Every structure is written in C-alpha cells, then in structure tokens.
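Reading the structure
Below are the chains, spelled out letter by letter.
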Amino acid sequence: MTATDVAARRPSRFAILWVDGFLWAIRVFALVFIVWGVLGSIILSGQTGGLSGDAWRDLTISGLAQGSMYGLIALGYSMVYGVLGFINFAHGEVFMSGALVAYFAADALFEAGVWESSPVFAIAFTLLVSAVTSMIVAILIERVAYRKLRNAPRLIPLITSIGMSFFLQYAIRGLFGSGFQTYPQVPESLRGEAIWGFQKVQLIVIVVAAVSMAILYTFVERTKTGRAMRAVAEDKEIAGLMGINVDRIIVTTFAVGGFMAGVAGMLWGLLFRQVYFLTGFLPGIKAFTAAVLGGIGNMAGAMLGGVSLGLFESLGPQVVLGGLRWGLALPILAAVVAAGIGVIAVVKRPMATNTYWRTAFGGAALALAAILIIPAWRDIELSISIPALSQLKDVVAFTALVLVLVFRPTGLLGERLAVEERA
Amino acid sequence: MRFRNLLALLFALAMVAAACGDSSTTTTTSGGTEAPTTEAPATEAPATEAPATEAPTEFPPAAMGELGGVLIGAGESVQIRTLQSISGGTEFLGVDQNRGTELAVEDYGDVLGHSVDLGVFEDDLCGPEGGAAGAQAIVAQDGVLGVVGTTCSGAAAAAAPIISQAGMVLVSGSNTSPSLTSDLQGNANENWQPGYYRTAHNDLFQGAAAAEYAFSVLGFTNAGAIHDGDPYTQGLAQSFADAFTALGGTVSVFTAVNKGDTDMTPVLTEVAAGEPEVIYFPIFPPEGNFIAQQIGGVAGLDDVQLFSADGMFVAGEGGFMTLPESEGMYFSGPNLVFENSGFTGVNYADLKARYEADYGEAPLAAFHAHTYDATMILLSSIEAVAVEGPNGELWVDRDDLRAHMNGLSGFSGVTGSLTCDAFGDCGSQAIAIFFHEDATAADPIAAATVVANLTKDGGFSETGN
C-alpha cells in the first residue's frame, strides 16, 4: 500500500524539482555572468583595452539620450494598452511620420536662415510640427481603423494595427520617397559639449523628454481629463455610466500618445539626423519592449523601461560582455555560484522541499570543496573574449528583458490592468 | 508532464544549435545535390550534338576532353547567356552589365563566321536562390558555352557549382567576394569552382590597398576596422586587418555594427578603447553616416582618421559625400578612370559614348566596363579554341576553353590588362585611394582626388595630390 503510493508520487515530485532546478540554474548562470562581467569591467577600466572613465560616461549619456526617446514612444504603447487592452503596433509609424514631416519644417527653416539665427524658436517650432503631425496621424488611425473594432475580439485590432503600420510606412514612402531625409546639423550655437561630457544636443533630447514626461504625468494625475482616462482604463462601462464620454477619452489617449511619439520623432531627427519611411520600425519594437520592461499599462513604468532599455543597449555589451575578458579564478566562480544558490534559496524558500535543498547545497558544497582541494583547479582562470561586441547590442538588450521578466514577470514597476483583464 | 516540456525545450535548443552549426555548409550541400541533374547535360552534350549533322571522319576531333564539347552547325549561332541582377534594388547594376555585354557582342562581331546569340537574359535576383534557378535554366539549354554573370557574389556562389558541373564557364564583371576565387596565396577559397572567372577586382586587393596606404603612406601603425555583418563588408574589413597586420601594424579593434543601428556611441566607445589612429569602415549608408556624424561626441577619437570604401560613395541630396563630416576622409575603391584601348581597339571614352547613344542615358553603374571585358575574353577564347569543320561547322571543346581562359595573359581590356590566375581572378585589380575634401562640390564623388593607385603586381604608385 505505502509502496505503491511512493511509486506513484515520485515521478511528479522529481518533475517539479527538475524544472525548478533548470529555472534556477538559468538564474544562477545569469547572476554569475552579470556579476563577473560588471566586476570585470570595473577592474579592467583604465587598463589597456578596458573602458576609460570617459568611455563609461559617454556610454551612459548616449544610453540616457536613446532611452529617453524610447520612453516617450513607450508611453503611447502603454497608454493605449491600458485603455483598450491591445498593442497598437502602428505606433512606431506614428513616431516616424512626425519625424519625417518635421524634416521639411526643419529644412525650410534652415533654408530661410532661421535655423541658425534663432535656434530656440526653430527647434521649438519643428518640435511642434512633429508632435502635431504624429498626433493627427494617431487620431486618424483610431478613427479609421480601431473605433469600429472596439468590441471585437482583441486579436482583431492587433492584426489591424500591424496592417496599419505597413499602410503608413508605404503611404509615407509614396508621399516622400524611399530615400533618407537628412535633418540640418544642429544650429552652430548648440554644437559641441555642454557640461560633464554631455553634448548639447544630447542634453536637449534628455531635457525635452523629461519635461514632456513630467507634463504628461501631471496631466494624467492632476487634471479632470486625466482622471477620466484613468477611469476608462479601469472600467469602460462604469466610466461611461458615470458620465464620461468614453470615445472622447479614447481619442484623447491616442492624441496624447501620438503627441509624445512626435516629440520623440523630432528629437530623433535632431540627434541622428537621417530619417526615412522605415525609421519607425526598430524604435517601435524597442519602445514596445521598454513598455513591457517597465510594466505595460503603467506610465511611470514606460518611462523607466525606456531609459533602462537605452542604458542596457548602450552599456550592456561593453560592461557585461566586455568584462568577461577579465580572468575569473575558478574558486571565486565556485564561491559566487554557491552564494547565488544561497541567495535564491533565501528569496524563494516557500517552494523548497527538503530533498531539493539537500541536493542543491550538497552539490554546491561538494563542488566548492573539490575546487579548493584539487590544486590544479585552483589556478584555472576563466576568460571569455567576445569579438564584435557592439553587434550584440540588441542581444544584450533583449536578454536583459527576458531576465527582468524572469525575476519580475510583471515588469519593473508592475502592470496596471483594467478590471476585466485582471479577472 | 513538466519534465517532458523540459526535454522538449532541450531538444529544441539542440536543434537550434545544430541548425547554427550547419549553416556554413548549406551552400556546398546544395551544390552537391544539384550535381547529378546538372552533370547529365554535360556528359551528354557531345553525344546529342554530334549526330545532328553527319560528321566527317576527323570532325569533331576524336580526342576530346572529359567535359565534352559543343558542335555549332553551319549557319548556327554561338550560344552564350547572361545571368545578372535585373530586378529589385540592384536592377540598375544588372541592366548596366547586360548593356556592357550587348555592346561587346556588337563590337566583337562574328566568331569565325558564326553570329553570337545571347538568348533570354536570366535574373540572379542578387542572391543564392536566383543564382541557382538561373543557372539551372541555362544548363538545361543545349549548346551553351559560357555565361556572363553574376552581378552579386551571393548569386555566384550558388550558380558557379551548377554551371561548372555542366562544363560551361561563368565570367563575372562585378563579383568581388574573395570566397569565389582564392586567398591570393595559392589556396582555393570555399566557393571556388573550375570554370569560374571574373574581371572585377578581388576584395582582398582592395583591403590590402587600403592597409598599404594607411600604413606605408599615412604612417599609421594602430588601426580599427568596423564591418556590418554582411559577407562583403566583413571580407573587406578582414582583408584590411590581415594586410595591415602583415605589414607590421596593429589592429586594435575589429568589430561590427548591425544594419539598422542608429546609436553608434557604443561601437565607437569600443573602438576608442583600442586608441586607433585610423578606422577603416567599408560599410554602407546609413550606418556609415552615423559613424562619421557621431564620432565627434566620443572621447578619445578626436584625431582619428576615417577611412571608408566605395560603398559610401553616395552623392545627391543628403548623400554621405555631401555631409561636412565626410570631408577629410580617405576611401578605397576600384579605379574607374579607364584609359585603356581594348582588344577591339575600342577605348573607354568611345564605349561610354556608344552606351549613351544606344541607351539614351549615362551609364547606370561602373561595372558595365568590366562586363564588356568579361564578354570579350569569353568570345575571344571561344574563337581561339574553336576548330572549323569542312562544311562551316565549329567544334568547341569545353576543356580547351577553360584551359585557354586559365592561361589568358596580358589581354587588353577597356579596364586594363587582364591576366587570369589559376582560380579565375582575371581583373586588372586597379584599386585607387581617394581623398575627399570638398563636400560642397556639385559632384562630390568626381571631386574626390585619386591619391594613389594599386595595381595587380602589388605596385603602388602615388599620383600626388
């Protein structure tokens, strides 16, 4: 009787252990590599081939500039998801149309000499053109493509948005051609370095992005319309019963998201200068990633996610992968692995079964002991040299996304979902 | 249940790993599997052709090579074909090259009294699929002696095995990938096939020319190289790095960007860590533009010399050559200033004038000249090895044709003197180093000064500034 019970239970228990063990092994590996890489970069910095102090600073600043643009775009993804519960994949193209149309404004101002004579006005005007264009495009998309689908199953607007994205790309291509449009160089007075290694143009990007985000945040948190938006995100039906014009609020959401994407579009043009009809694709995907990273539906999360993704992209390859060149002694590695298992054990204790812990700790202790006792192993240094680091930028960024989601499945700041999604 | 999922995951990972490991061998495998079907026409060619007319006793010659030959009856045409990229984004290259071939056929005239038939233009689609399909379509036709093509190196890698198996020759006017011929040290590269020839330069020459100029003339000893993962740019950057190291310099950073990247600060920071004096980045717009534009914002790269290749030769509104940041840069590229009088007495200026008169527009690209020469060496080699029969027939032995082309030496083409090595590199390898100093010129590409020429024998001449 007891014998059959044990026999019946054993496979299932082992199955759980193996999968858990596998996931934990991934976590331990990730931790080891990150700690090894970051530690390595810090130790190697200043040495030949290592990162100099200036390099750390440049990478951080460029990551911040890139990330704040991702953050601005991510807001649109996140807000629309919060209110309607689907991903508007055409949002990258909303961003691109602003950037492209604003090019013509920038070029005209440049030709007229205004670009150089009153740079602040020129940039502000171009910014407005870009933001308003994107806003109009976003409103049009909502009116034409999504409104009729309000009550359709969620896959329908999703696939519509992908179609819309292609439509916008090729409509823009038809209108303005497939070549690159090159923004004029930033005005003379705004070139060069400002302070602490910030290029003036990077500073403009970061400051404009931060101010826009602050304004948006205040708008959503403090105004009546903002409160209505949050109410609609929470529950459309009840919000409607409370006298909120749901359609109008949804349009407002698209408009605000489009406006932010337009701001990002102009900043993109200012910083990278080359825009064309496919410019929106990659930043769109990255910004969506940023929104998920920060916690979809969560505005502060979108901003934080964007900046984090920019920093991961910029610093990740150099700091984590580049640092692996630093020779890591095997005993240290073993100690880090053991410590990693220990840390995770403390954090994840409730799931543990005694057998598992005995195996894990026993294994780790044995490995550590073996490495410390066998003299030949004590001197082994591990070092990984990866060629063409920068090409792995996206790999690092998306691996970081996966890892963040492994440790925090709802993103950095957690998701904010409406009642019907939570149910 | 979950245990099984884990196994499935591991299996999937193993499959992915296996797929990655295999990818390098894919091209050879596909070439190998084509072999049986393509071999058939080759061995049958003499058998099917020969009985067509009643052959006199010694004609066609009894001693024929193992590839067989082609009997061209009296009044029949010499069959050659073209396989170029004539659709999509690279259409302008293939169309330009087909015009080069048409002009060459026109200039060459008849081969021992037989006219030349180009048949239907095949499309290489600038990739392996198109190269293989086009080659299959050509080898299925009777009596074709040779093919002028391909436009793209990727297409040639797939087309060459098929055409080679069929006993034909493939002569390209624009493939530059080193993989199609040799490493220039006497070793065949992975995609080399017997019967493959080209009149375009081998990228190894271009990389070496850039390295030689940077090291010997500009006096730099520490270089960085950046490619974009494309086989063309990677090969070019690699040949630069190898040559620079062989000369005694140090290549402190060899790295890559992704196509589609906009923020170049990470890669430039990586490069800056090696403190190079010169950066060679033979890539394309827009990534090349971003590198030149963003380099000013990266610490430690203020005095670095930028050096690129002909891929960045883009003029017109917003083109790289019109950017102020591109001023002061060096470029390597084929020297397109042809002053040679060719085999038929035509020199390049006449050829260009005829091109413009016949097609009503300026040449679309540069490689029509190389393709003109490719067609010329093919036709003249056919004529050289052809045996005339008693009734006006022609017998062309395929082995003799290859042997003749392999031995081609000092052939006077419009692109220079053509001499084939054992692996089919026939080009004059005229590589020039350009210095760009005026981004505001009406035609900034033409305004770039040729500061040095490198020729095939390794000779290096400074043209002065």
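Residues numbered from 1 in each chain as written. Chains lettered and ligands numbered in written order. Predicted model: local features only at pLDDT ≥ 70, side-chain atom pairs only at ≥ 80, totals over all residues. Heavy atoms only, no water.

1. With respect to unusual backbone geometry
Residue and element names in this part refer to chain B. For the bond from Gly-149 to Thr-150, the omega torsion is 0°, close enough to zero to count as cis. Mapping Thr-150 onto the fold places it in the loop between β5 (144-149) and α5 (153-165). Within the chain, Leu-112 stands out as a residue other than glycine whose phi angle is a positive 50°. In this model, Leu-125 sits at a positive phi of 50°, which is unusual for a non-glycine residue. With respect to the secondary-structure elements, Leu-125 resides in the loop between β4 (122-123) and α4 (128-139). (Helix = DSSP H or I, 4+ residues; strand = E, 2+ residues; numbered from the N terminus.)

2. Details of the interface of chain B and chain A
Facing 35 residues of chain B, the contacting portion of chain A comprises 34 residues. Where chain B abuts chain A, roughly 2800 Å² becomes buried across the two surfaces, and 56% of that area is made up of carbon and sulfur atoms. In this assembly, chain B and chain A are joined by 2 salt bridges. Across the salt bridge formed by Glu-325 of chain B and Arg-273 of chain A, the nearest N and O atoms sit 3.1 Å from each other. Our count for the contact surface shared by chain B and chain A stands at 7 residue pairs in polar contact (both at pLDDT 80 or more). Looking at the side of chain B that touches chain A, the elements with two or more residues in it are α1 (2-22), β9 (250-256), α8 (265-273) and α9 (287-294) of chain B. It is α8 of chain B that provides the largest number of residues to the side of chain B that touches chain A, a total of 6 residues. (Contact = heavy atoms within 4.5 Å. Buried area = accessible area lost by both parts, 1.4 Å probe. Salt bridge = Lys/Arg side-chain N within 4 Å of Asp/Glu carboxyl O. Polar contact = N/O pair within 3.5 Å; in protein donor to acceptor, adjacent residues only side chain to side chain.)

3. Comments concerning the confidence of the model for chain A
Chain-level statistics for chain A give a pLDDT mean of 82 and a share of 87% at 70 or above. Counting contacts from residues 6-14 of chain A, a segment whose pLDDT is below 50, to residues more than four positions away or on other chains yields 1 contact. (pLDDT = per-residue confidence, 0-100.)

4. Brief notes about the side chain of Arg-402 of chain B
Residue and element names in this part refer to chain B. Here Arg-402 lies in helix α12 (residues 398-406). There is a polar contact of 3.0 Å between the side chain of Arg-402 and the backbone oxygen of Met-168. Discounting residues that sit within four places of it in the chain, Arg-402 has contacts with Leu-67, Ile-163, Ser-164, Gly-167, Met-168, Val-169, Pro-194, Gly-195 and Tyr-197.

5. Remarks on the packing of aromatic side chains
Residues and elements named next belong to chain A. This structure, assessed with the given rule, holds 29 aromatic pairs over all chains. With a centroid separation of 5.4 Å and an interplanar angle of 75°, the aromatic rings of Phe-89 and Phe-288 are classed as edge-to-face. Highlighted residues: Phe-89 in the loop between α2 (53-84) and α3 (91-112) and Phe-288 in helix α11 (residues 281-294), separated in sequence by 199 residues. Judged by relative accessible area, Phe-89 falls into the partly exposed class, the value being 23%. (Phe/Tyr/Trp six-rings, centres within 6.5 Å; stacked < 30°, edge-to-face > 60°. Buried < 20%, exposed > 50% of the residue type's maximum accessible area, 1.4 Å probe, protein only.)

6. Let's talk about the packing of helix α11 (residues 368-385) of chain B against α12 of chain B
When two helices pack together, their arrangement is given by the angle between the helix axes and the distance between those axes. All names here are of chain B. Contact geometry of α11 with α12 gives a least axis separation of 9 Å together with a crossing angle of 120°. Viewed along their axes, α11 and α12 adopt a mutual orientation that is oblique. For the crossing formed where α11 meets α12, the hand is right-handed. Each of Ile-377, Leu-378, Ser-381, Ile-382, Ala-384 and Val-385 in α11 lies in contact with α12, whose residues at this interface are Asp-400, Leu-401, His-404 and Met-405. Counted by class, the contact of α11 with α12 contains 7 nonpolar, 2 polar and 1 charged residues. (Axes fitted to C-alpha atoms, helices over the stretch in contact; angles between N-to-C directions. Parallel < 35°, antiparallel > 145°, perpendicular 65-115°, else oblique. Left-handed = near helix turned anticlockwise from the far one by under 90°. Nonpolar A, V, L, I, M, F, W, Y, C, P; charged D, E, K, R; others polar.)

7. Remarks on the environment of Met-321 of chain B
Residue and element names in this part refer to chain B. When you line up the elements, Met-321 lands in the loop between β11 (305-309) and β12 (329-334). Residue Met-321 is classed as buried on the basis of its relative accessible area of 0%. Note: C-alpha distance between Met-321 and Leu-336 (15 residues apart in sequence) is 17 Å. In this view, Met-321 contacts Met-312, Phe-313, Val-314, Ser-326, Phe-331, His-436, Ala-439, Pro-444 and Ile-445; residues no more than four positions away in its chain are not counted.

8. Considerations on the state of the cysteines
Residue and element names in this part refer to chain B. All told, the structure shown has 2 disulfides over all chains when counted by the stated rule. Disulfide partner of Cys-126: Cys-152, at an S-S distance of 2.0 Å. Torsion about the S-S bond of the Cys-126 and Cys-152 cystine: about -95°, corresponding to left-handed handedness. Placement of Cys-126 in the loop between β4 and α4 and of Cys-152 in the loop between β5 and α5 is noted, with a sequence separation of 26 residues between them. (Disulfide = S-S within 2.5 Å.)

9. Description of the nonpolar core
By size, the foremost hydrophobic cluster in this structure holds 115 residues, and its most contacted members are Leu-72, Leu-75, Ile-141 and Leu-267 of chain A together with Ile-279 and Leu-301 of chain B. Per-domain counts for this core show at least three residues from each of domain 1 (11-50 + 320-418) and domain 2 (62-310) of chain A. Ignoring sequence-local partners within four residues, the contact set of Leu-301 of chain B consists of Leu-268, Val-271, Ala-272, Pro-276, Ile-279 and Ile-295 of chain B. (Core = buried A, V, L, I, M, F, W, Y, C linked by side-chain atoms within 4.5 Å. Domains from an automatic or database assignment.)

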